[in-house]
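# A structural walkthrough
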Amino acid sequence: MGFVPDFKKAREKAIEHIECKGLFETYSIAYVVTNENLRQLPQLMPKKHESVLSVVGSGDHPLWFSLYGAKHIDTFDISYNAKILMDIKVAALSCLNWCEYNRLLEDFYEINWFPCEHISSIKNMDKILPKLPETESEYIKALDNAKIFRTYCSPKKSESLPTFFEYLKLRIKVKKPYNFYLTDIKNLSNFITTSYDVIHLSNILDYVPAKEHKDIILPLLNHVNPDGRIIAHNLQYDMDEGYLNYFGASAKEIADSLDNWKYIQKTIKEPNTNIILKNGTHILERIR
Ligand SMILES: C[S@@+](CC[C@H](N)C(=O)[O-])C[C@H]1O[C@@H](n2cnc3c(N)ncnc32)[C@H](O)[C@@H]1O
């Protein structure tokens, strides 16, 4: 990835994002842990799920896809901080034990609350930094006291953190950083050079006006293998008012207008609130 981060801009943006003035962009704050129940993934994935393209988000999605047997995983995100966090998690697998890994994420979560601490104060960061590419460790050092990782969901053992056995499996399966494209989803198809069994878009289209969904999804369909799927989760923002930029209608319209595509809706349970989202997951399946 030929991207050269601008430390000054990253620092300014971190402040803007803390003040909730920005949506997602190159320096938006990364989620420390997933806000989804990734143990539901097997119910959503097609039978064959060897090759996956996933949004990074907290970095947990690619890890969980590896856990569930994917062999080739490419990732993308609009946020450089998301990539850094994903690389930290992968590096941590190679040098931290299970307790240390979970503690690392708990610490990333905690340092953002008062009294604010620096990233370098986090236990075991000294083991992780040398394992990252130089640009990334320099970036982390330069933004030591900026809030580049954050989430409102605290890491929970029963939800977002791996169990002991999941962690052991992850350590065996994930040996190197995931390939990454720094891009807005609107330009994602320009980067893709292959096709996948799963393209996973988690809570991205929520932030894109519904009238743009079709233009974003259509070019991606060419990169889905037969029997493969595009999976997109939708966030509900208000129990009475519904979803943020609902994707279901566009997904159904796409499937209805094309041969060989089927639209499937799945219920998901949000782990932090335990809210059941009846129309929360949208799947476009390519029929053979
Ligand atoms: C709302 S977060 C959700 C986190 C995710 N549910 C998880 O569990 O990790 C969405 C992720 O999509 C990324 N994102 C948002 N808008 C995007 C866009 N237009 N293009 C690419 N990535 C985007 C954000 O940077 C963030 O990492």
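See the structure above.
Residue numbers here run from 1 along each chain, matching the order of that chain's written sequence. At least 70 in pLDDT is required for a residue's local features to be given in this predicted model, at least 80 for side-chain atom pairs to be given and counted, and no such filter applies to totals for whole chains, interfaces and linings, which use all residues.

### A look at the packing of helix α3 (residues 60-67) against helix α8 (residues 164-173)
Angular values range over 0 to 180 degrees, each being the angle between N-to-C directions of two axes fitted as lines to C-alpha atoms, with helices fitted over their stretch in contact. Counting from the N terminus, the helices are the DSSP runs of H or I reaching at least four residues and the strands are the DSSP runs of E reaching at least two. In contact at an axis separation of 9 Å, α3 and α8 are set at 90° when each is read in the N-to-C sense. Taken together, the axes of α3 and α8 lie roughly perpendicular to each other. Contacts between α3 and α8 involve Leu63, Ser66 and Leu67 from the former and Glu166, Lys169, Leu170 and Lys173 from the latter. Looking at the contact of α3 with α8 residue by residue, the classes come out as 3 nonpolar, 1 polar and 3 charged. Note on terminology: angles under 35 degrees are roughly parallel, angles over 145 are roughly antiparallel, angles of 65 to 115 are roughly perpendicular, and the others are oblique. By the convention adopted here, residues are in contact when the distance between their C-beta atoms, placed from the backbone, does not exceed 7 Å. For this classification, Asp, Glu, Lys and Arg are treated as charged, while Ala, Val, Leu, Ile, Met, Phe, Trp, Tyr, Cys and Pro are nonpolar and the rest, including Gly, are polar.

### Section: the sheet that holds strand β1 (residues 51-55)
A strand pair is defined by DSSP finding two or more bridges across the two strands. As summarised here, the arrangement of the 7 strands in space is β3-β2-β1-β4-β5-β9-β8, forming an open sheet in which the pairing is mixed. Here the strands that pair on one side only, and so sit at the sheet edges, are β3 (179-182) and β8 (261-269). Within this sheet the neighbouring strands show an average axis-to-axis angle of 20°, counted without direction. One ladder, built from 8 bridges, connects β8 with strand β9 (residues 276-286); its direction is antiparallel. Bridging across to β9, Trp261 finds its partner in Arg286. Each of β8 and β9 touches helix α10 (residues 248-257); the most contacted strand, β8, lies at about 155° to it.

### Some details on the packing of helix α9 (residues 213-221) against α10
Taken N-terminus to C-terminus, the directions of α9 and α10 make an angle of 45°; their axes are 10 Å apart at the nearest point. Classified by the angle between their axes, α9 and α10 sit oblique to one another. The chirality of how α9 crosses α10 is right-handed. In this structure, α9 uses His213, Lys214 and Ile217 to contact α10, whose residues at the interface are Ser250, Glu253 and Ile254. Each helix crossing is assigned a hand: it is left-handed if the near helix lies turned anticlockwise from the far helix by less than a right angle, otherwise right-handed if that turn is clockwise.

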